[in-house]
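Okay, here's what each chain looks like letter by letter:
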Amino acid sequence: KLGIEVCILADSADAPALQRSDRAFLAGADASASLGAFLDACDVLTFDKEAVADELLARLASAVQRGRPAIYPGLDTLGLLKDKARQKRWMRDHRLPTLPFEIIETRPASLRPLTATLGNALVQKCRSGGYDGRGVQILETVESPQALWDTPSILEPFLPDCQEISVVTVRA
């Protein structure tokens, strides 16, 4: 045992994390009273994924300004992680290796500008809401704009025989 109490805020009673919690708070992110009680019970808060509603982030920012809870990663980092286009720009701007990419807001009328820079095989990733392969489509040969989802996305070249990995780091 670590000697800590674990509190979980979950949308439903069947959320897997609740199996390991000492205290469960069952409410959607918009349930103001439950969220307030949850924040009052926490000294330190973290997230299992970046899909956190903007309204909840605003509430958390107010709580942080009042001095508690401590939030890791910080809200600025979480805001960056919520949007794959912001992530890719940040990586590029900090000279970290990343594939070439294009950002689209909607399905383009023409593929020509995209395929001219990225090639004819593309990976489309929704800017938000996708994880663990969700919100990602691989188009080994893209011939029509209709093959692309009509949603804010990033497009990257498809690299056959390569795998994408995610890296999670933790600091003590």
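Our subject in this report is the structure included herewith. Model, not experiment: these values are computed from the prediction.

Brief notes about the side chain of Ser-21
Relative to the elements of secondary structure, Ser-21 occurs in the loop between strand 1 (7-10) and strand 2 (23-26). Looking at Ser-21, its side chain comes within polar contact range of the main-chain oxygen of Leu-18, at 3.1 Å. In contact with Ser-21, not counting residues within four places along its chain, are Val-6 and Ile-8.

A few points about the packing of aromatic side chains
Counted according to the given criterion, the structure contains one aromatic pair. Look at Phe-25 and Phe-38: their rings are 5.4 Å apart centre to centre, the planes differ by 70°, and that puts the pair in the edge-to-face class. Taken together, the residues span a long stretch of sequence, with Phe-25 in strand 2 and Phe-38 in helix 1 (residues 32-41) at a distance of 13 residues. For Phe-38, a relative accessible area of 7% puts it in the buried group.

Some thoughts on helix 2 (residues 54-65)
In a regular helix each residue adds 1.5 Å, so twelve residues correspond to 16 Å; helix 2 covers 17 Å between its end C-alpha atoms and thus fits that length. All of the buried residues in helix 2 are Leu-56, Leu-57, Leu-60 and Ala-63. An end-on view of helix 2 places all buried positions within 120° of arc, on one side of the element. Facing away from the buried side of helix 2, by more than 90 degrees, are the exposed residues Asp-54, Glu-55 and Gln-65. Gly-67 sits one or two residues past helix 2 and shows a positive phi near 105°.

The rules behind the values
- Residues numbered from 1 in each chain as written.
- Predicted model: local features only at pLDDT ≥ 70, side-chain atom pairs only at ≥ 80, totals over all residues.
- Heavy atoms only, no water.
- Helix = DSSP H or I, 4+ residues; strand = E, 2+ residues; numbered from the N terminus.
- Polar contact = N/O pair within 3.5 Å; in protein donor to acceptor, adjacent residues only side chain to side chain.
- Contact = heavy atoms within 4.5 Å.
- Phe/Tyr/Trp six-rings, centres within 6.5 Å; stacked < 30°, edge-to-face > 60°.
- Buried < 20%, exposed > 50% of the residue type's maximum accessible area, 1.4 Å probe, protein only.
- Expected span 1.5 Å × (residues − 1).
- Arc of directions from axis to C-beta.

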